[in-house]
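Given next are the chains, with one letter for each unit.
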Amino acid sequence: MLVVEHPLARARLTTMRDARTDSAAFRAALQELTVMLIYEAMRDAPVRIERIHTPVARTDGYALANPPLLVPVLRAGLGMADQAHKLIPDAQMGFVGLARDEETLQPTPYMESLPEDLSDRPVLVLDPMLATGGSMVHTIRLLANRGATDVTAVVALAAPEGIRLLEESGLPVRVVTASVDERLNDSGYIVPGLGDAGDRQYGSV
Ligand SMILES: O=P(O)(O)OC[C@H]1O[C@H](OP(=O)(O)OP(=O)(O)O)[C@H](O)[C@@H]1O
Ligand SMILES: O=c1cc[nH]c(=O)[nH]1
Ligand SMILES: [Mg+2]
C-alpha cells in the first residue's frame, strides 16, 4: 500500500473533507488529487525507450511500455476518470457501476463494460472511497475473472476495514490512497471521512 502524504495532496483532501465545500469545489479538489495519486501510482511503470530528434540533437524518449486500463467505479469514480485519462492518454477505459445498499452495505451491480481479456494489462481502478471494501472486492473479482493480475486501487480515502477485506480476499491488488482514516461508523461511512463521495459531486439520489 502507498499512502501519498504530500502537502498538496493533504490540502486537496482537506477541501474534500470540509462540509462547507460545495459540489463544484469538491469535484475540482478530487480532480487535482487524482493527478497526484495517479502520478504516484505510475511511478514504477515500465517504459519503452524510443530515439527521437529534438531541434538540437538525437536523444532517448520514453513512453509507457504497457498503458493501463482505467476503470472508474460509477458514480463517484467518474470524478477521477477524465484527469486520469489526461495523464495517460494512451489508456483504454472500462466501466463498472455499483450502488451500495444502505441497509446491508453490499454493492448492487448495475453496469459492467470491460474488455474480455485482461491477462497482460495493468488495471487502475478509480473510486474515491474504500469503505467496507465490498465494492472494490466486487470490481477486482470482475477484473481477475478476465485474467487481470496487476491491479491498483486508486482511492482518495480508505478505511482500515476495507484494506483488511482486500488483504483477506487474496486478490491481486495494490492500494494507493491519500489517507487511511480511523474506522467506519454504524452506517458504513468512513470516519472522519468526507461523507458520500457520489452525493457530494453529483447530488443525492
Ligand atoms: O467500500 P464500500 O463499503 O463498498 O463503499 C464504497 C463505495 O461506496 C461509494 O459508492 P456508492 O455505493 O455510494 O455509489 P455512488 O458512487 O453512486 O454514490 C463509493 O464510491 C464506493 O464505490
Ligand atoms: O464514507 C463513505 C463510505 C462509502 N461511500 C462513501 O461515499 N462514503
Ligand atoms: Mg454514494
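Our subject is the structure listed above.
Description of the structure in this document. (Residues numbered from 1 in each chain as written. Chains lettered and ligands numbered in written order. Predicted model: local features only at pLDDT ≥ 70, side-chain atom pairs only at ≥ 80, totals over all residues. Heavy atoms only, no water.)

Considering the packing of helix α2 (residues 23–41) against helix α3 (residues 78–87)
Next, step 1: Taken N-terminus to C-terminus, the directions of α2 and α3 make an angle of 45°; their axes are 9 Å apart at the nearest point. Classed by the angle they form, the pair α2 and α3 counts as oblique. At the point where α2 passes α3, the crossing takes the right-handed sense. Contacts between α2 and α3 involve L30, Q31, T34, V35, I38 and Y39 on the former and, on the latter, G79, M80, Q83, A84 and L87.
Next, step 2: For the contact of α2 with α3, the class distribution of residues is seven nonpolar, four polar and no charged. (Axes fitted to C-alpha atoms, helices over the stretch in contact; angles between N-to-C directions. Helix = DSSP H or I, 4+ residues; strand = E, 2+ residues; numbered from the N terminus. Parallel < 35°, antiparallel > 145°, perpendicular 65-115°, else oblique. Left-handed = near helix turned anticlockwise from the far one by under 90°. Contact = heavy atoms within 4.5 Å. Nonpolar A, V, L, I, M, F, W, Y, C, P; charged D, E, K, R; others polar.)

Describing the site of ligand 2
Next, step 1: Taken together, R100, M129, A131, G188, Y189, I190, G195, D196 and A197 make up all the residues around ligand 2.
Next, step 2: Within the backbone of I190, one N or O atom sits 2.8 Å away from an oxygen atom of ligand 2.
Next, step 3: Between ligand 2 and G195 there is a distance of 2.7 Å, counted from a nitrogen atom to a backbone nitrogen or oxygen.
Next, step 4: Protein chains bury 89% of the 240 Å² of accessible surface belonging to ligand 2 in isolation.
Next, step 5: Most atoms of ligand 2, that is more than half of them, are within 2 Å of grid points of the largest pocket.
Next, step 6: Within the shell around ligand 2, the residues separate by chemical class into five nonpolar, two polar and two charged. (Near = heavy atom within 4 Å. Polar contact = N/O pair within 3.5 Å; in protein donor to acceptor, adjacent residues only side chain to side chain. Areas by Shrake-Rupley, 256 points an atom, 1.4 Å probe, with all protein chains shown as cover. 1 Å grid on protein atoms, 1.4 Å probe; cavity = no way out; pocket = protein on both sides within 12 Å on 5 of 7 lines; lining within 4 Å. Sits in = over half its atoms within 2 Å of the grid points.)

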